[in-house]
4 protein chains.
Amino acid sequence: MAADAAFSWPLRVYIEDTDAGGIVFYANYLKYMERARTEWARSCGVQVRGEIQNGINFVVHSLNVRYHRSARLDDELVATAAVIALGRTWLLFQQRVERSVDGELLCEAEVKVACVGLESGRPCRLPATMQSAAEKIMV
Amino acid sequence: MAADAAFSWPLRVYIEDTDAGGIVFYANYLKYMERARTEWARSCGVQVRGEIQNGINFVVHSLNVRYHRSARLDDELVATAAVIALGRTWLLFQQRVERSVDGELLCEAEVKVACVGLESGRPCRLPATMQSAAEKIMV
Amino acid sequence: MAADAAFSWPLRVYIEDTDAGGIVFYANYLKYMERARTEWARSCGVQVRGEIQNGINFVVHSLNVRYHRSARLDDELVATAAVIALGRTWLLFQQRVERSVDGELLCEAEVKVACVGLESGRPCRLPATMQSAAEKIMV
Amino acid sequence: MAADAAFSWPLRVYIEDTDAGGIVFYANYLKYMERARTEWARSCGVQVRGEIQNGINFVVHSLNVRYHRSARLDDELVATAAVIALGRTWLLFQQRVERSVDGELLCEAEVKVACVGLESGRPCRLPATMQSAAEKIMV
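**With respect to the interface of chain D and chain B**
Opposite the 19 residues of chain D that make contact, chain B presents 19 residues. Between chain D and chain B lies a buried interface of about 1,900 Å² when both sides are counted; carbon and sulfur atoms form 47% of it. Contact with chain B buries surface across chain D, with Y14(D), E16(D) and R49(D) losing the most and accounting together for 33% of the total. At the junction of chain D with chain B, the criterion picks out six salt bridges. Among the salt bridges present, the one from D75(B) reaches R49(D), with a minimum N-O distance of 2.9 Å.

**Topic: helix α1 (residues 28–43) of chain B**
Its 16 residues place the ends of α1(B) 23 Å apart at the C-alpha level, agreeing with the 22 Å of an ideal helix rising 1.5 Å per residue. The buried fraction of α1(B) amounts to 15 of the 16 residues, a majority that puts the element mostly inside the structure.

**Section: the interface of chain D and chain A**
Often the size quoted for an interface is simply the accessible area lost on bringing the parts together. Across the boundary between the two partners, chain D contributes 24 residues, which contact 24 residues of chain A. In total, chain D and chain A occlude about 2,000 Å² of area from one another, counting both sides; carbon and sulfur atoms represent 62% of this. Summed over the shared surface of chain D and chain A, the result is zero salt bridges. Of all the secondary structure elements, the ones that give two or more residues to the side of chain D that touches chain A are α1 (28–43) and β2 (56–67) of chain D. Considering every element that reaches the side of chain D that touches chain A, the biggest residue donor is β2(D), with ten residues. Tallied by class, residues from the side of chain D that touches chain A come to 13 nonpolar, five polar and six charged. Where strand β2 (residues 56–67) of chain A meets β2(D), five bridges bridge the pair, whose relative direction is antiparallel. Across the sheet, N64(A) pairs through a bridge with N64(D), a residue of β2(D).

**Focus: the side chain of Q95(B)**
Residues and elements named next belong to chain B. Note that Q95 resides in strand β4 (residues 90–99). A distance of 3.2 Å separates the side chain of Q95 from the backbone oxygen of T80, its partner in a polar contact. Residues in contact with Q95, not counting those within four places in the same chain, are M33, A36, R37, T80, A81, C107, E108, A109 and V111.

Criteria and cut-off values
Residues numbered from 1 in each chain as written. Chains lettered and ligands numbered in written order. Predicted model: local features only at pLDDT ≥ 70, side-chain atom pairs only at ≥ 80, totals over all residues. Heavy atoms only, no water. Contact = heavy atoms within 4.5 Å. Buried area = accessible area lost by both parts, 1.4 Å probe. Salt bridge = Lys/Arg side-chain N within 4 Å of Asp/Glu carboxyl O. Helix = DSSP H or I, 4+ residues; strand = E, 2+ residues; numbered from the N terminus. Expected span 1.5 Å × (residues − 1). Buried < 20%, exposed > 50% of the residue type's maximum accessible area, 1.4 Å probe, protein only. Nonpolar A, V, L, I, M, F, W, Y, C, P; charged D, E, K, R; others polar. Pairing = 2+ DSSP bridges. Polar contact = N/O pair within 3.5 Å; in protein donor to acceptor, adjacent residues only side chain to side chain.

Here's what the structure looks like:
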């Protein structure tokens, strides 16, 4: 997939994100990645709150993460999100978190997100605008 | 109010709670206090999830906190919750977070919690079991 | 104090910030307020990470918060920070969190932040650039 | 690996852990798993804070997670941690989060944790007590 096909979202590391080891707590990279996915969805016209009100939720089905280097307090970061596969009810994202100043790769992940009924938890179809946006950007 | 009238809940500080200053992040004491309030409510027979399913939510109306000393990674703590005033739709809690090993007071707060409609956000009556439990323990 | 003397920082509510009641979890407003204070400090030339490396930390001494209305998923917010008093070793901030679309006040607080030695926890002088910046904007 | 070789740690879902979809936010399962790893380490005589003071940190190198079902507010859970492989400077954990009431598997993961220098970020040897404890329980 061409790198420039990825959606990018700038971030700043705040004290809330760090831990006593002086680095960003490992679970918090998942927050950064989720923000990038959310902003990509928003750029497709899909707002999570509206979907929840319609009885639809997006849940993570599975993920793998490889941590390369640690982000630290005050760092400026970029989180990216690219769709690399999709089905009727799911999207597979490839994501990266990079340090802005030098482009250093800190963390990369694949995250499979499923569209489910809010109450039932059962798979349901992706919103049409999201599906067609995903199909367009996927190589 | 007699100190022994307070409900106590034991806690452990994990790396998730700390920040790059090596201490517990200031907002996380509010998590500890909320756990103590939740466990007190559970001891009265009130489960938050059941209330939310019934269209009732508990929201914090106001609070003040005085931080005395910092908790650190691996510390064992106790969070307390005592009701010091109540109305038909709210409870006022006095809360403390102490270090277990020596009883040192780390943080104390007053937290006013209101019972509201989940959708409307408007005040509604406290669950009866919670109200009578609160009345019993209040001096 | 004139409202326009306050430093403003835009924010977005993500799913990470919300809770099962459908609103922003009450402790997370403290994260928003801390981000505004941090960005104000950065605008004065003070970076928290650099201070920690110099053995200085900023800790919250006390705070009070009044919650007016709840922020919800996808809301755009503004967090403000204004210094309303200061001593040699502390700053008192007045802070607000507002909904951007209509300027509705969601939450307001006073937060006293102390400058302390990272190891000792004892009060120490504010960085000079921060003190002079605070003096300038205080009415 | 025999299931009974896994270290188990009980947990409760609080409102802080949930999101507006009514379920535990996906990143927070990593907190639960880290608590189980921390308590296993403590049971081996290793405290993270002491290691950090000695200039040693434990960082996650990589992980994969498979989410099966969602935990909800007030659920009682058990997080497990078992060492399934180790090197001189790393441990590979297999972890599960289960619902206590019926043993339902909610989430499972493999998490590789590396021992590194706090400042350098370079690999360093595992504490001896941790290594020998890990060797004993590994099948």
